[in-house]
Amino acid sequence: MSTPALTLDLLNAAGPERFVALLDGIYEHSPWIAQRAFAARPVQGFASLAALKHAMASAVRDATPGEQLGLIRAHPELAGKAMVAKSLTAESTREQRTAGLTDCTPEEFARLQQLNADYNARFGWPFILAVRGPRGDGLSRQQIIDTFARRLNGHPDIERAECLRHIHRIAEIRLNDKFGVTPALGNQVWDWAESLARFSDPGFAENGQLTVLYLTEAHRAVAAQLADWMRECGFDEVSIDAVGNVVGVYHGEDREAQRLLTGSHYDTVRNGGKYDGRLGILVPMVCVRELKRQGRRLKHGIEVVGFSEEEGQRYKATFLGSSALVGRFDPAWLDQADADGVVLRELMQGAGLPATMEAIHALRRDPARYLGFVEVHIEQGPVLNELDLPLGIVTSINGSIRYVGEVRGLASHAGTTPMGRRRDAAAAVAELILYVEERAGAVPDVVGTVGQLQVPSGSINVIPGRCRFSLDLRATTDAARDALDADVRQRLAEICERRGLGFTLERTESAAAAPSAPVWQARWEAAVLALGLPVHRLPSGAGHDAMKLHQAMPQAMLFQRGLNLGISHNPLEAISNDDTELCVRAFQALLDGL
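Residues numbered from 1 in each chain as written. Predicted model: local features only at pLDDT ≥ 70, side-chain atom pairs only at ≥ 80, totals over all residues. Heavy atoms only, no water.

Inspection of the entire model under this criterion finds 11 aromatic pairs. For the pair Trp-524 and Phe-587, a centre-to-centre distance of 5.6 Å together with 75° between the ring planes defines the contact as edge-to-face. In this pair, Trp-524 is assigned in helix H20 (residues 518-530) and Phe-587 in helix H22 (residues 577-593), connecting sequence segments 63 residues apart. Note on accessibility: Trp-524 and Phe-587 belong to one class, buried. Taken together, the ring pairs in this structure connect Tyr-119, Phe-123, Trp-125, Phe-127 and Phe-148 into an aromatic cluster. Above the ring of Tyr-250, the side-chain terminus of Arg-297 is found at 4.4 Å from the ring centroid. (Phe/Tyr/Trp six-rings, centres within 6.5 Å; stacked < 30°, edge-to-face > 60°. Helix = DSSP H or I, 4+ residues; strand = E, 2+ residues; numbered from the N terminus. Buried < 20%, exposed > 50% of the residue type's maximum accessible area, 1.4 Å probe, protein only. Lys NZ or Arg CZ within 6 Å of the ring centre and 35° of its normal.)

In structure tokens:
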């Protein structure tokens, strides 16, 4: 790479024409984006490269649909006519060459040509993919083809927005090249996460899927790897505790000073993603590594915990790892058996853990010894992705109530039973689903979901006599959650009364909301502002270890944007090295603020 010719000082000092010329090629054949970014430039200039990127992305988001479509159409097809004719821009030529598209086999080239034709026929614009990928060093041709085939089935509205997001990623990488910037800390976190993903449970590993359940061989290998990396990073103390949590301590100037507690979980759901939970362990790890390299100690200590279990996938013991730290480990959990009949107590003993309540009680942290708890986490949702924002501030972790229920009617012949004389259990649940959607949608930050639906012994020509269902109700406050809960239960009763049906409803879970501590939320906000980014506040619809620590000390969370529409608990879960770099920098700013 040649010596960078561009700096923020040079860009901020430029007039409008020079500003646009300096950013030529960042967005393909679309100088209007730089022009509008210049018009939005703060009086003091852009404070950071991240601020410039956001200004340009905002110009696109605020553009007309026609302008956005024109931007998409300004990009060439992958391995298309422009590449063959060697008429691509220098930037596109480099990107397609980096991904190996200039060296396709005849079969790969034919496949890409067919995909291009099918995509254009379906959507009317070229397929856009940041072929240099989430780390910036190039996707494989097979990854490109697989992504192409998957997105070909998308809805036009979703696919159009996804094309724009990939255009922003292309522009981000081009800006990095122009400014000579390498997100080294983001790369390190990304590489660690990729390396951890080599450990997966049998039955999934063979299929290239990631699954790490509590105290499997893969789970224990992940713990050992995290402990080794913590030692390499320079933590003063590293251990694996009585429930399998990986704990690293980096002392402050005074070893007896209070510590900042942070971390997340390293177990996964079945066939999950590489970043859920693990991001919140790896980001503070790299922060400690940098402090050690600089020979720095903070006034306060830092304690990073890789929680051994959060997902509740093997045992009905969700938040097992973090529960132990707040004295909420249920002794009954030790006598649970998994689907294979393995009792938790015996599993722990076989893994070399004491499996006694005395040892587990000893893990409880004294809140007086800690400043509070902070957690970094992938958003697991689409909000930041849709707003083109890399980071968001969590205001509260939603409280939730879950049920499993069954409506009972009368199974009867679909042809001979008049419509007015039916006792259709499934129709009643369908009515309930629509009510949940309407009621939850009427209140901000309230959500309701019927995620499971089953008609036992259902037949195409039989009116459903029974219908089983689940209910998941969530809100940022317990009051809003409880109001939703009461209304949904009342409506279910009314529906069944009107239709002449019976029902049962069993509550399976209830979790209180965990609002962020104002002081710690403000610290995250200051850290994000220091990066030159706007502050966006949002609730967490998913549960996190921070919910458990909330029971003992103040807590607050920082979200990092996920790629691929924010999908999580899924192999498509993804992050970029640039977003992760900003996440690390925000964590460093928070630490420096202490």
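Below, the discussion takes up the packing of helix H11 (residues 184-196) against helix H12 (residues 217-233). Interhelical geometry of H11 versus H12 gives an angle of 150° and a closest axis separation of 11 Å. As the angle between them shows, H11 and H12 are arranged roughly antiparallel. Read as a crossing pair, H11 and H12 show a hand that is right-handed. Mapping the contact onto sequence places Trp-192, Ser-195 and Leu-196 in H11 and Val-222, Gln-225, Leu-226, Trp-229 and Cys-233 in H12. Of the residues in the contact of H11 with H12, the class split is six nonpolar, two polar and no charged. (Axes fitted to C-alpha atoms, helices over the stretch in contact; angles between N-to-C directions. Parallel < 35°, antiparallel > 145°, perpendicular 65-115°, else oblique. Left-handed = near helix turned anticlockwise from the far one by under 90°. Contact = heavy atoms within 4.5 Å. Nonpolar A, V, L, I, M, F, W, Y, C, P; charged D, E, K, R; others polar.)

It is worth spelling out the environment of Leu-531 at this point. Here Leu-531 is to be found in the loop between H20 and strand S15 (537-540). In this structure Leu-531 comes out as buried when scored by relative accessible area, which is 13%. Between the alpha carbons of Leu-531 and Ala-47 there is a distance of 7.7 Å; along the sequence they are 484 residues apart. Apart from residues lying up to four places away in sequence, Leu-531 is in contact with Ser-48, Ala-50, Leu-391, Leu-582, Arg-585 and Ala-586.

Right, let's get into the pattern of salt bridges. Taken as a whole and judged by the stated rule, the model has 42 salt bridges. Between Asp-191 and Arg-135 there is a salt bridge; the shortest N-O distance is 2.7 Å. Within this pair, whereas Asp-191 is found in helix H11, its partner Arg-135 is found in the loop between helix H8 (106-123) and helix H9 (141-151), the two being separated by 56 residues in sequence. Taking the relative accessible area as the measure of exposure, Arg-135 reaches 22% and is therefore partly exposed. Between Asp-236 and Arg-297 there is a salt bridge whose closest N-O contact spans 2.6 Å. Remark: Arg-297 occurs in the loop between helix H13 (279-294) and strand S4 (301-307) and Asp-236 occurs in the loop between H12 and strand S1 (237-240); sequence separation between them is 61 residues. For Asp-236, a relative accessible area of 32% gives the class partly exposed. Assessed through its relative accessible area of 31%, Arg-297 is described here as partly exposed. Overlapping salt bridges bring together Lys-53, Arg-169, Glu-172 and Asp-578 as one network. (Salt bridge = Lys/Arg side-chain N within 4 Å of Asp/Glu carboxyl O.)

Another point: empty space enclosed by the protein. This structure, assessed with the given rule, holds two cavities of 30 Å³ or more. For the largest cavity, the calculated volume is near 120 Å³. Around the largest cavity sit His-75, Pro-76, Leu-78, Ser-92, Glu-95, Gln-96, Phe-127, Ile-128, Leu-129, Val-131, Ile-170 and Arg-174, which together line it. Counting residues per element, the lining of the largest cavity draws most heavily on helix H7 (residues 90-98), at three residues. Per-class residue counts for the lining of the largest cavity are seven nonpolar, three polar and two charged. For the second largest cavity, the calculated volume is near 60 Å³. If you go around the second largest cavity, the residues you meet are Val-212, Leu-213, Tyr-214, Asp-267, Thr-268, Glu-309, Gly-312, Gln-313, Arg-314, Tyr-315, Ala-317 and Leu-320. Residue composition of the lining of the second largest cavity, by class: six nonpolar, three polar and three charged. (1 Å grid on protein atoms, 1.4 Å probe; cavity = no way out; pocket = protein on both sides within 12 Å on 5 of 7 lines; lining within 4 Å. Points joined across faces, edges and corners; volume = space filled by probe spheres on them.)

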